[in-house]
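# An overview of the molecular structure
Chain by chain, the residues run as shown.
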Amino acid sequence: MKLDAAERTQLLSRYKSRIQKGQRALRDQYLSSYDPDPACLLYERCHLIDEALRDLWTELHLPDSMALCAVGGYGRGELWPSSDIDLLILLPDDPDPARAGQLEQLVGLFWDIGLEIGHSVRTVEDCLREADGDLTVQTALVEARLIVGNYGLFSRMASEFKKHLDPQAFYHTKRVEQEERHRRYQETPFSLEPNCKDSPGGLRDLQTILWIAQATGYGNSWRDLKRHGFITYQEEQGLDRRERFLQNLRIQLHYHAGRQEDRLLFDYQTALAERLGFRDKPTRRASEQLMQEYYRTAKTIMQLNTILLQNMGAAIFPSAEHAPILINERFQNAHQLLDVTHERVFTEHPPAMLEAFLLMEQHSELKGLTARTIRSLWRARKLIDDDFRQNPLNKERFIEIFKQPRGVLHELRRMNQFDILGRYLPKFGAIVGQMQHDLFHVYTVDQHILQVLRNLRRFSDTDFTHEYPFCSQLISEFEKPWLLYIAALFHDIAKGRGGGHSELGAFDALEFCDEHGLAEEDAELIVWLVRHHLVMSNVAQKQDIADPDVVAAFARMVKDERHLTALYLLTVADIRGTSPKVWNSWKGQLLEGLYNQTRRLLLSGGQVPAQGIIRERKEEALRLMLYHGIHESAHEQLWNQLDTVYFLRHSAEEIAWHARALHYRINTEEPVVKARLNPHGDGIEVMAYTRDQRDLFARMVGFFSRAGYNILDARIHTTKHGYALDSFIMLDVTGRDSDRSMIHYIEHELKERLLQQGPPERPAQGRISRQVKHFPIRPQVTIENDEKDAQFVLSVSAADRPGLLYTVASVLATHGASLHTAKIVTLGERVEDTFLITGGDLVNSASRIKLETELLNQLQS
């Protein structure tokens, strides 16, 4: 195998060129074909590499005692355009130093000729030892095949491995692995950017079945599984068709991305749709058509995966025949699975379709549906028509599904998976697989609805009380929580129809409640929740909930404690069901604060006067100050310089904190900056006190942004003697998890910048997110009088980007506008910020228009 430098260079050039030309030819042939065959491309790519490796092995005169084997996907005969080439170099015994050196050079050559390999060097004994208990090694060896070298050695390894492998353990471990993988993807294929390989319903679900089939001796193809009776001819054809779609999709994705990428990111969806033959329609983008086809494919694969794993499991784990336990004349318990008593149950008695899901909820011993029950459901689903929907028995059963103490979410998910839910509620069927390009939802509309319902159910589950203690307490005391589940089902059901989805959804909910005979007060609550499901979030995040008038207006809208509690629970579940990025403890604090203030007002029977609120806060603040050893009159100088708005906007605890820091330096010439961990949630709370100065807010915003913090809330006050007293709630966006260690840095560095009064520092430039690039939002800016005509409300809605708040602050400073409060609402990749401003000749409409125009120009640039 020894090569001099010239020989090595010549060999590398020859093989590298050969492989590149071959791969390019296969790529061009595939992409130019009107109806490309993905299986053929994957096989031909394997064949190309096989031939190159055989020739290289022979040319290097490697010992006859060794073998080169393909494993993993390459062993299966599927070599994707950007996947690794998994190789096993099989040895008869442990290599001596000279042989080890040769092997090291060989692996280097593989890389140098342009192959991205994953490799292992093992003896037969090594293979058996490492496969023991290691599912990854077992899976790779299940698909091993000989490329070149000692056939006897490979046969011995394959034979010994087959004896060594426990089919039952392999089946069990593979199922557990699949369940864990599904949980990583929230057990749904309906993410807006799914992984076509690993998400539920992706290629990995198909591969799992074939791995188990190979390990248990049932073959390695869908035809083999049909021959063994695990699937029908129609199911075999369906699997072939769905696999072909996913294979084409993944191949096109690899070629388009130019690397191993299995996520269907927004960046790629439009191009992939065009490559796969989808075209824009007046009502739907080509990318949306592609994704709906993907979701239909994934849903079918999940169904067939369930059927196959169940049927194969029954064959792999033969059990003593026990007569099924009869539940009623239509259903029986067969080995803890709900089974139809005969295959015509649903066609002869269609109401049994809803009964099946109700029985699953009522019988905790049932762990799923038998394969024939799933097949029968799927075939009978089209019997759900207008007559079915008008049947009083079906209406009663559908409502009963929501009322059960267990299994509500699981069965609604199952009903959606088998197209039962969308057929019973056609308006729900219309939003199945519907994309949402609003930059903060990460699921299709139907899956978001089910995520909201999941959150509501978790509030009732004692296993999750630690996650939602306040919600868990409220829902445990709430009569008829099932009404909330129905409201969740309808809250976004009108998405995509045009017009206000809340109002349209309320109309749908009213129609549903009337048709299903719900009590008037129950129907009223459901319809009211659907109509107003966005209100509490908007009030808490965009309005000044320290203002008694804001709380009073909200209290008049909710009317009573029952409506308030229902809306609070639905709002929390809704926000948490959009995306992991959208929820944070600050939003939780705002919502809980609005709930408590409103409840107090409702229970008092009327509006609590502002002066009463201020008196109570001052008394509580004084008590806290005395607790910390502050003299009872130390606060007077500071409080005399503050107006009533200050005491309304801050809690008693915050007022006491400010007074402790400032009572002895009311007229200080040096800025005072204090920071602490947010006592009510995540992040940092910062207070800055200094003589008012030009560009003050922009200066602080720039500093915080460069320090890696996003401002969630800002309250700006100017004392009677010309000092600014500003406070901020901020979250770290760097992921460094070091808020405590940042406190001293913020106090010292911000003080220095306020002393120097240099030009505001622009925030560091950052990347605009992928979602914003592909689904840009047109910025919106409005300036309106507040309800008291004393100040102006500036509302900004735009795609989130680095430095956005700094841009707003700079424009306000340029126009001489004074900022009093800032509410920063981040919804995924979108921001909806609200500012209370005065000054700058805002009473003049021309000045307001000029400010709006400049803000729009800056936000669009």
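As shown above, the structure is provided for reference.
Cut-offs applied
Residues numbered from 1 in each chain as written. Predicted model: local features only at pLDDT ≥ 70, side-chain atom pairs only at ≥ 80, totals over all residues. Heavy atoms only, no water. Helix = DSSP H or I, 4+ residues; strand = E, 2+ residues; numbered from the N terminus. Buried < 20%, exposed > 50% of the residue type's maximum accessible area, 1.4 Å probe, protein only. Contact = heavy atoms within 4.5 Å. Areas by Shrake-Rupley, 256 points an atom, 1.4 Å probe, with all protein chains shown as cover. Core = buried A, V, L, I, M, F, W, Y, C linked by side-chain atoms within 4.5 Å. Salt bridge = Lys/Arg side-chain N within 4 Å of Asp/Glu carboxyl O. Expected span 1.5 Å × (residues − 1). Pairing = 2+ DSSP bridges. Axes fitted to C-alpha atoms, helices over the stretch in contact; angles between N-to-C directions. Polar contact = N/O pair within 3.5 Å; in protein donor to acceptor, adjacent residues only side chain to side chain. Disulfide = S-S within 2.5 Å.

Moving on, we come to the overall build of the protein. Assigned secondary structure in the protein consists of 39 helices and 16 strands. Projected onto the principal axes, the alpha-carbon positions of the protein cover approximately 95 × 80 × 55 Å. For the protein, the proportion of its 861 residues judged to be buried stands at 56%. The contacts in the protein between residues at least 6 apart in sequence include a share of 71% that link residues at least 24 apart. Here the protein displays about 38100 Å² of accessible surface, and carbon together with sulfur accounts for 48% of that area.

Another point: the nonpolar core. Counting 172 residues, the largest nonpolar core has Met-157, Leu-225, Tyr-294, Phe-346, Phe-398 and Tyr-568 as its most contacted members. In terms of residues, this core owes the most to one element, helix α13 (residues 286-316), which gives 13 residues. Tyr-294 has contacts with Pro-189, Pro-194, Asn-195, Cys-196, Ser-199, Phe-245, Leu-246, Leu-249 and Leu-264, leaving out every residue within four places of it along the chain. Counting 49 residues, the second-largest nonpolar core is a separate cluster that includes Leu-696, Ile-746, Val-811 and Ile-837.

Before going further, it helps to spend a moment on the side chain of Glu-685. Within the secondary structure, Glu-685 is located in strand β10 (residues 684-691). Setting aside residues up to four positions removed in sequence, Glu-685 forms contacts with Glu-654, Trp-657, Lys-674, Ala-675, Arg-676, Asn-678, Pro-679, Phe-728 and Ile-729.

On to the pattern of salt bridges. The final tally for this structure, using the stated rule, is 55 salt bridges. When the shortest N-O distance is used, the salt bridge between Arg-122 and Glu-130 registers 2.9 Å. The partly exposed category is assigned to Glu-130, whose relative accessible area is 33%. Linking Asp-419 and Lys-299 is a salt bridge whose minimum nitrogen-to-oxygen distance equals 2.8 Å. With a gap of 120 residues between them, Asp-419 in the loop between α19 (408-417) and α20 (420-424) and Lys-299 in helix α13 connect regions that are remote in the sequence. Linked through salt bridges whose partners overlap, the residues forming this network are Glu-329, Arg-330, Glu-355 and Arg-397.

Here the focus is helix α2 (residues 38-59). With 22 residues, α2 extends 32 Å from end C-alpha to end C-alpha; this agrees with the ideal 32 Å at 1.5 Å per step. A positive backbone phi angle near 55 degrees is found at His-61, which sits one or two residues after α2.

Another point: the pairing of strand β16 (residues 830-839). Of all 10 residues that make up β16, 9 are buried, and the element is covered over most of its length. As defined by bridge partners, strand β14 (residues 792-799) adjoins β16 across 8 bridges and the pair is classed as antiparallel. What sits directly across from Ala-798, in β16, is Val-831.

Moving on to the sheet that holds strand β8 (residues 368-369). Strands sit in the order β5-β6-β7-β8 across an open sheet of 4 strands; the sheet is mixed. Only two strands of the sheet have a single neighbouring strand rather than two, namely β5 (325-326) and β8. Across the face of the sheet, helix α16 (residues 371-380) comes into contact with β6 (331-334), β7 (337-340) and β8 while running at roughly 55 degrees to β7.

Assignment of secondary structure puts Tyr-218 in the loop between α9 (203-215) and α10 (222-227). On a C-alpha basis, the gap between Tyr-218 and Met-312 in space is 9.0 Å, while along the polypeptide they are 94 residues apart. Discounting residues that sit within four places of it in the chain, Tyr-218 has contacts with Ala-213, Asp-224, Leu-225, His-228, Phe-230, Ala-315 and Ile-316.

Here the focus is the environment of Trp-586. Locating Trp-586 in the fold gives a position in helix α30 (residues 585-604). As for Trp-586 and Leu-712, which are separated by 126 residues in sequence, their C-alpha atoms are 7.6 Å apart. Excluding anything up to four places from it in sequence, Trp-586 contacts Leu-712, Asp-713 and Ile-729.

Structurally, Gly-593 is set in helix α30. Put simply, Gly-593 and Leu-453 are 140 residues apart on the chain and 23 Å apart in space, counted from C-alpha to C-alpha.

Before going further, it helps to examine helix α6 (residues 135-142). In terms of residue burial, α6 counts as a mostly covered element, since 6 of its 8 residues are buried. Close packing links the buried residues of α6 with β2 (85-91), β3 (117-123), α5 (124-131), α7 (151-164), α8 (167-184) and α9. The distance from a side-chain oxygen at the start of α6 to the backbone nitrogen of Thr-136 is 3.0 Å, and the residue carrying that oxygen is Asp-134.

Per the stated rule, a full pass over the model turns up 0 disulfides. A disulfide-free cysteine, Cys-40 has its sulfur positioned 12 Å from the sulfur of Cys-46, the nearest such atom.

What follows covers unusual backbone geometry. The phi torsion at Glu-187 lies on the positive side, around 60 degrees, for a residue other than glycine. Looking at where Glu-187 falls in the secondary structure, it is placed in the loop between α8 and α9. Even without being glycine, Gln-757 reaches a positive phi, approximately 55 degrees. On the accessibility criterion, Gln-757 (47% relative accessible area) is partly exposed.

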